[in-house]
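Residue strings, one per chain:
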Amino acid sequence: MLGLASLLTFVSLVTAAPTAPVYSSCTVNSTSDLATAKKTCTSISIGSFTVPAGQTLDMKGLLSGTTVTFTGIVSFGYKEWIGPLVTVSGTNVKIVGAPGSCLDGGGARWWDGQGGNGGKKKPKFFAAHGLDSSSITGITLKNTPVQGFSISSAEGLVLSGITIDNKDGDNNELGHNTDAFDVGNSDDVTITGSTIYNQDDCLAVNSGTNIQFLNNYCSGGHGISIGSVGGRSNNVVDTVTVKDCTIVNSENGIRIKTVAGATGSVKGVTYSGITLKNIAKNGIVIQQDYQNGSPTGVPTDGVPITGLTIANVKGSVASSARGIYILCAAGACSDWKWSGVSISGGKNNCTGAPSSVKC
Ligand SMILES: *[C@@H]1O[C@H](CO)[C@@H](O)[C@H](O)[C@H]1NC(C)=O
Ligand SMILES: *[C@@H]1O[C@H](CO)[C@@H](O)[C@H](O)[C@H]1NC(C)=O
């Protein structure tokens with residue numbers, strides 16, 4: 001049954017539609033300009049302004065075929081809340097960052113070293129939830145309070161030439177959980193040609209199919225990750241390709257983490273052409289004992305990892321690090337192809353790995 005409020009909205013939309021002017025091109029200088037523009041414009045230019053504290057730069061429900069171009073610096077007022085600071089949805093949409101443009105989260109105002117685990121409530125930055133046959137190109141995010149891009153329920157989405165610059169979060173280790181790209185419940189997402197400086201996963205795929213992560217540079221974070229997988233509504237990861245990426249000054253390089261005691265599956269993941277430099281904990285880590293906080297040390301078989309390919313992974317880790325760390329439950333890791341892995345510096349520790357793994 002329609003509630004009264006939604007009925008009124010419906011009636012007003014129906015009655016307003018014939019008289020609403022349609023502009024092809026609109027320049028937006030405030031959040032309220034945007035609210036008007038997105039109903040009538042298919043070419044929106046967003047200049048420099050500050051989004052008021054506690055508000056979202058709301059690009060939800062853009063008209064099909066809309067191009068939004070950021071041309072200036074968008075900043076955000078300070079409030080302790082969960083965000084997001086920016087949201088977008090639609091079909092056949094292009095979001096473009098012109099050279100010199102920036103979405104500046106001013107994250108230092110929230111950073112307290114605790115990320116999403118406590119302390120100040122911090123807004124997530126950029127929600128791309130329900131964005132189909134669309135692209136996000138050339139956008140720069142600076143100093144995200146906590147996670148950067150959240151990609152969910154997307155189908156046919158390309159992000160290219162993205163910059164996330166959270167270097168300031170390294171000061172006194174105050175930036176935390178500043179994941180660059182969290183991907184879940186999506187099909188056919190490509191992230192390419194991007195440069196990331198952060199303090200958590202460069203990529204984290206919790207679930208989804210046909211995810212590509214190509215030609216990206218990741219610095220300062222926790223590595224390029226599948227997972228954690230398990231304990232959500234969708235716990236299937238199927239076909240992820242990570243290719244031609246560089247990971248430097250990070251805790252981990254390549255990482256697959258499945259949640260202890262959970263169910264799901266990870267299949268068809270390929271990492272190839274990966275360069276590692278100055279990795280503090282693990283060059284390659286694949287663990288089936290994950291839990292937030294600290295791993296249990298006891299792997300479980302509810303989220304099998306099958307059809308994994310690791311090819312041409314080169315570089316070095318710290319002498320105190322593990323080059324390769326694998327912790328699989330009996331029979332829960334199978335059909336792995338392993339070639340051209342050459343990681344210097346650390347020691348390896350492999351439990352439950354298929355015999356193809358050179359450890
Ligand atoms: C935004 O500013 C530009 C440049 O000053 C102006 O042309 C445009 O009309 C403004 N947009 C709105 C919706 O007021
Ligand atoms: C190897 O890893 C297992 C599982 O975490 C751990 O129990 C064991 O102590 C490690 N061995 C060495 C030599 O570090």
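You'll find the protein entered in an unreviewed UniProt entry as endo-polygalacturonase, with Tuber borchii given as the organism. The UniProt entry for the protein carries this comment under Subcellular location (unreviewed entry): "Secreted". UniProt, in its Sequence similarities (unreviewed entry) section for the protein, records the words "Belongs to the glycosyl hydrolase 28 family."

S.K.: Whenever I open this one, the overall build of the protein confuses me. Can you help?
M.R.: Within the protein, the regular secondary structure consists of two helices and 29 strands. For 359 residues, the compact-globule formula gives about 21 Å, and the C-alpha radius of gyration of the protein, at 21 Å, lands near that figure. Principal-axis analysis of the C-alpha atoms gives the protein an extent of 70 × 45 × 35 Å. Counting across all 359 residues of the protein, residues that qualify as buried make up 48%. Residue pairs at least 24 apart in sequence account for 68% of intrachain contacts in the protein once pairs closer than 6 positions are excluded. A gap of 2 Å separates the mean positions of the 24 positive and 23 negative side-chain charges of the protein.

S.K.: Help me understand the site of ligand 1, please; the structure alone is not making it clear to me.
M.R.: Taken together, T27, N29 and D33 make up the full set of residues adjacent to ligand 1. Within the backbone of T27, a nitrogen or oxygen atom sits 3.0 Å from a nitrogen atom of ligand 1. If ligand 1 stood free it would expose 360 Å²; the protein chains cover 32% of that surface.

S.K.: Help me understand the UniProt feature "active site" (unreviewed entry) in the protein, please; the structure alone is not making it clear to me.
M.R.: The positions that UniProt labels "active site" (unreviewed entry) are, in the present scheme, H222. Within the secondary structure, H222 sits in the loop between β20 (217-219) and β21 (223-229). You can call H222 buried: its relative accessible area is 13%. The contacts of H222, once residues within four sequence positions are left out, are Q199, D200, D201, E251, N252 and R255. A polar contact is formed between the side chain of H222 and the backbone oxygen of Q199, at a distance of 3.3 Å.

S.K.: Where do I start with the nonpolar core in this structure?
M.R.: Here is a general trend for soluble globular proteins: nonpolar side chains tend to be buried in one another's company. Residues M59, I136 and F181 are the most contacted members of the largest nonpolar core, which totals 85 residues. When residues in this core are grouped by element, the largest group, nine residues, is from strand β23 (residues 265-290).

S.K.: How do you make sense of the packing of aromatic side chains when you look at a structure like this?
M.R.: With the rule as written, the count across this model stands at seven aromatic pairs. Seen from their ring centres, F76 and F125 are 5.6 Å apart, and the 80° between their planes marks the pair as edge-to-face. Of this pair, F76 sits in strand β6 (residues 73-76) while F125 is found in the loop between β9 (102-104) and β10 (126-137), placing the two residues 49 residues apart along the sequence. By relative accessible area, F76 is classed as buried at 3%. Each residue in the set F126, F149, F181 and F213 is aromatic and connected to the rest through ring pairs, giving one cluster. The lysine or arginine in question, K167, covers the ring of Y197, its NZ or CZ lying 4.2 Å from the ring centre. Over the aromatic face of Y325 sits the side chain of R322, whose NZ or CZ is 3.7 Å from the ring centroid.

Conventions used here
Residues numbered from 1 in each chain as written. Chains lettered and ligands numbered in written order. Predicted model: local features only at pLDDT ≥ 70, side-chain atom pairs only at ≥ 80, totals over all residues. Heavy atoms only, no water. UniProt positions renumbered as here; feature names shortened; annotations may be inferred. Helix = DSSP H or I, 4+ residues; strand = E, 2+ residues; numbered from the N terminus. Rg over C-alpha atoms; globule rule 2.2 N^0.38 Å. Buried < 20%, exposed > 50% of the residue type's maximum accessible area, 1.4 Å probe, protein only. Contact = heavy atoms within 4.5 Å. Lys, Arg positive; Asp, Glu negative; His and termini not counted. Charge placed at Lys NZ, Arg CZ, Asp CG, Glu CD. Near = heavy atom within 4 Å. Polar contact = N/O pair within 3.5 Å; in protein donor to acceptor, adjacent residues only side chain to side chain. Areas by Shrake-Rupley, 256 points an atom, 1.4 Å probe, with all protein chains shown as cover. Core = buried A, V, L, I, M, F, W, Y, C linked by side-chain atoms within 4.5 Å. Phe/Tyr/Trp six-rings, centres within 6.5 Å; stacked < 30°, edge-to-face > 60°. Lys NZ or Arg CZ within 6 Å of the ring centre and 35° of its normal.

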